[in-house]
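Here are the chains, one letter per residue:
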Amino acid sequence: MIPLPLARIAEITSGALSGMADPRAVVRGPVVIDSRDAEPGSLFVAFKGARSDGHDFAAQAVRAGAVAVLASRPVEAPTIIVPDTAAALAELATSQAAALPRATVIGVTGSAGKTTTKDLLARLTARIGPTIAPAGNYNNEIGHPLTVLRADADTRYLVLELSARTIGNIADLARIAPPEIGVVLNVGTAHIGVFGGKEAIAKAKGELVEALPRTGVAVLNYDDPQVRAMASRTDARVTYFGRAEEAVIRAEELVMDERGRASFTLRTPSGAAPVRLKLYGAHAVDNALAAAAAGYELGLPVATIAAELSQAEPRSRWRMEVTDRPDGVTIVNDAYNANPDSMRAAFEALGMLGRGRRRFAVIAALRELGEDSPALNAEVGRLAGGSGLAGLIVAGPDAGPMLEGAHAAAQQAAQRAAQPGHPPPSTHIVHVPDAQAAAAEMGPWLRPGDVVLIKGPRAMGLERTAELLLGGAAQ
């Protein structure tokens, strides 16, 4: 953060100093929303949540070294009182972004793959200058400004992930730190129930390219027609990535290894170089190409881009984390979140990683799918049930459509695979109430050489299932 006195922060946020706050006291950062993260020189922002109220922890934050508290009511600490802490946080970040003398802002959005692409791109930009990028997926109205506020006068690149739950969200985030490069990955079905359809999702994602200046660059996925069409919504220069011949930055000679990792030739206008990803799943190719296209626009040589992509490992937790237990069981923890598109990608990766092995999965009913929820969950159930699994666990509530789809597909697959004179193979399908019960049920099924995919909506906390299965191997 660029250091600021409390008086200036109050001016930026239209706040009032309270609690004996010294107007000359300087905040040097970080700006935090968890009192446990407070340290000398920091600013604590108090939010009232569903389960706790940050105002109750204001004194604790100051004792830990926070210079003051940004709050919506008086607390027993030096305070800047504002009408709305979220709005004030955004105003402070906007002011700081405008004061960054040399930073290039790069925005990444899409229905799936944002975090992985952001991590890859931040790795590339770090080769050419100090880079700030979100921890995990700090991509909403709180996490986005917190990330911007981590930048200082030395920052050369701000790689930001932008998410949307309604029309206008991405436009609002882009106003905080106006991007010069905008990367759009795809338009899928994540939050389709909130938006009401893929056309509305495309409208929301396209707000990123609309925010670009005429001197900027829109980096678009040529393979996704709805993303490709966003070229008409920007005055910026447009470049395409993808697997099609028309893509300027593309993957050629793509092959997958026995662990589901891709190798390909990265083709650019100035040459080509081989890439061998350590990331799992064919969908990682699209994320790598997007990062490569943005890196190429920044002037990175293709050989450097290819080398960095080949060395990159998962940086954010619970996204295709593949761990081999000592007993030979492989746990694929992709539990951060799920939608119909990412479910298909995960099962495709499981099919490659688990070739010749017994395969299992733990999944849960998808959310925010609106009136299409029963049909889309049944479709995911059919995908799982027809994948040749030895066992499938569906955890949590609202599992009916997913279970029905899984049972129907498993029965059909068994009938197709039945040998004359032999009983048909079948998938053992079980419903359990939560992540812990899923681990307890799955544990006894497993034997050396098996592979388990764990994937579901964030609210289900299925990363706990992965942790328990991995911990069980160590005992």
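To keep things clear, this report deals only with the structure shown in the data block. (Residues numbered from 1 in each chain as written. Predicted model: local features only at pLDDT ≥ 70, side-chain atom pairs only at ≥ 80, totals over all residues. Heavy atoms only, no water.)

1. Regarding the overall build of the protein
Right, so step 1: Secondary structure summary: the protein contains 17 helices and 22 strands in total.
Right, so step 2: At 24 Å, the protein has a C-alpha radius of gyration in line with the 23 Å of a compact globule built from 475 residues.
Right, so step 3: In the protein, which comprises 475 residues, the share counted as buried stands at 55%.
Right, so step 4: In the protein, 65% of the contacts between residues at least 6 apart in sequence involve partners at least 24 apart.
Right, so step 5: For the protein, the accessible area works out to roughly 19,700 Å², and carbon and sulfur atoms hold 50% of it.
Right, so step 6: Computed over 47 positive and 50 negative side-chain charges, the separation of the two mean positions in the protein equals 3 Å. (Helix = DSSP H or I, 4+ residues; strand = E, 2+ residues; numbered from the N terminus. Rg over C-alpha atoms; globule rule 2.2 N^0.38 Å. Buried < 20%, exposed > 50% of the residue type's maximum accessible area, 1.4 Å probe, protein only. Contact = heavy atoms within 4.5 Å. Areas by Shrake-Rupley, 256 points an atom, 1.4 Å probe, with all protein chains shown as cover. Lys, Arg positive; Asp, Glu negative; His and termini not counted. Charge placed at Lys NZ, Arg CZ, Asp CG, Glu CD.)

2. Things to note about the nonpolar core
Right, so step 1: Formed by 58 residues in total, the largest nonpolar core has its most connected members in Leu6, Ile9, Val31, Leu92, Leu220 and Met230.
Right, so step 2: Counting residues per element, this core draws most heavily on helix α3 (residues 85–99), at six residues.
Right, so step 3: Contact partners of Val31, with chain neighbours within four places excluded, come to Met1, Leu43, Val45, Leu89, Leu146 and Leu149.
Right, so step 4: Listed in part, the 39 residues of the second largest apolar core include Leu120, Leu124, Tyr157 and Ala290. (Core = buried A, V, L, I, M, F, W, Y, C linked by side-chain atoms within 4.5 Å.)

3. Digging into the pattern of salt bridges
Right, so step 1: Throughout the structure, instances matching the rule amount to 27 salt bridges.
Right, so step 2: A salt bridge links Asp22 to Arg24; the nearest nitrogen and oxygen atoms lie 3.5 Å apart.
Right, so step 3: The class for Asp22 is partly exposed, based on a relative accessible area of 34%.
Right, so step 4: One network of salt bridges, with partners in common, ties together Lys48, Asp53, Asp56 and Arg73. (Salt bridge = Lys/Arg side-chain N within 4 Å of Asp/Glu carboxyl O.)

4. Details of helix α4 (residues 114–125)
Right, so step 1: The end-to-end C-alpha distance of α4 is 16 Å, a good match for the 16 Å that 12 residues give at a rise of 1.5 Å each.
Right, so step 2: Most of α4 sits out of view: 10 of its 12 residues are buried.
Right, so step 3: The set of residues buried in α4 consists of Lys114, Thr115, Thr117, Lys118, Asp119, Leu120, Leu121, Ala122, Leu124 and Thr125.
Right, so step 4: For α4, the elements touching its buried residues are β8 (104–109), β9 (131–132), β10 (157–161), β16 (271–280), α11 (283–297) and α12 (302–311). (Expected span 1.5 Å × (residues − 1).)

5. A closer look at the packing of aromatic side chains
Right, so step 1: Summed over all chains, the structure comprises two aromatic pairs.
Right, so step 2: Between Arg228 and the ring centre of Tyr222, over which it is positioned, the NZ or CZ distance is 4.6 Å.
Right, so step 3: One cation-aromatic arrangement involves Arg319 over Tyr336; the distance from NZ or CZ to the ring centre is 4.0 Å. (Phe/Tyr/Trp six-rings, centres within 6.5 Å; stacked < 30°, edge-to-face > 60°. Lys NZ or Arg CZ within 6 Å of the ring centre and 35° of its normal.)

6. A look at the packing of helix α14 (residues 373–385) against helix α15 (residues 400–417)
Right, so step 1: Close contact between α14 and α15 brings their axes to 6 Å; oriented N to C, the two are set at 35°. Pair α14 / α15 crosses with right-handed handedness. Along its contact with α14, which presents Pro374, Asn377, Ala378, Val380, Gly381, Arg382 and Gly385, the element α15 presents Pro401, Met402, Gly405, Ala406, Ala409 and Ala410.
Right, so step 2: Among the residues forming the contact of α14 with α15, the class breakdown is eight nonpolar, four polar and one charged. (Axes fitted to C-alpha atoms, helices over the stretch in contact; angles between N-to-C directions. Left-handed = near helix turned anticlockwise from the far one by under 90°. Nonpolar A, V, L, I, M, F, W, Y, C, P; charged D, E, K, R; others polar.)

7. A short note on the sheet that holds strand β21 (residues 428–432)
Right, so step 1: On the basis of which strands lie adjacent, the open sheet formed by six strands has the order β17-β18-β22-β19-β20-β21 and mixed pairing. Edge positions in the open sheet fall to β17 (321–324) and β21, since each of these has one partner strand only. Adjacent strand axes in the sheet meet at a mean angle of 15°, parallel and antiparallel pairs treated alike.
Right, so step 2: Sheet analysis places β17 next to strand β18 (residues 330–333), joined by four bridges and oriented antiparallel. Looking across to β18, one finds that Val322 is bridged to Val332.
Right, so step 3: The sheet contacts of helix α13 (residues 340–353) involve β17, β18, β19 (359–364) and β22 (451–455), and relative to β22 the element is tilted by about 170°. (Pairing = 2+ DSSP bridges.)

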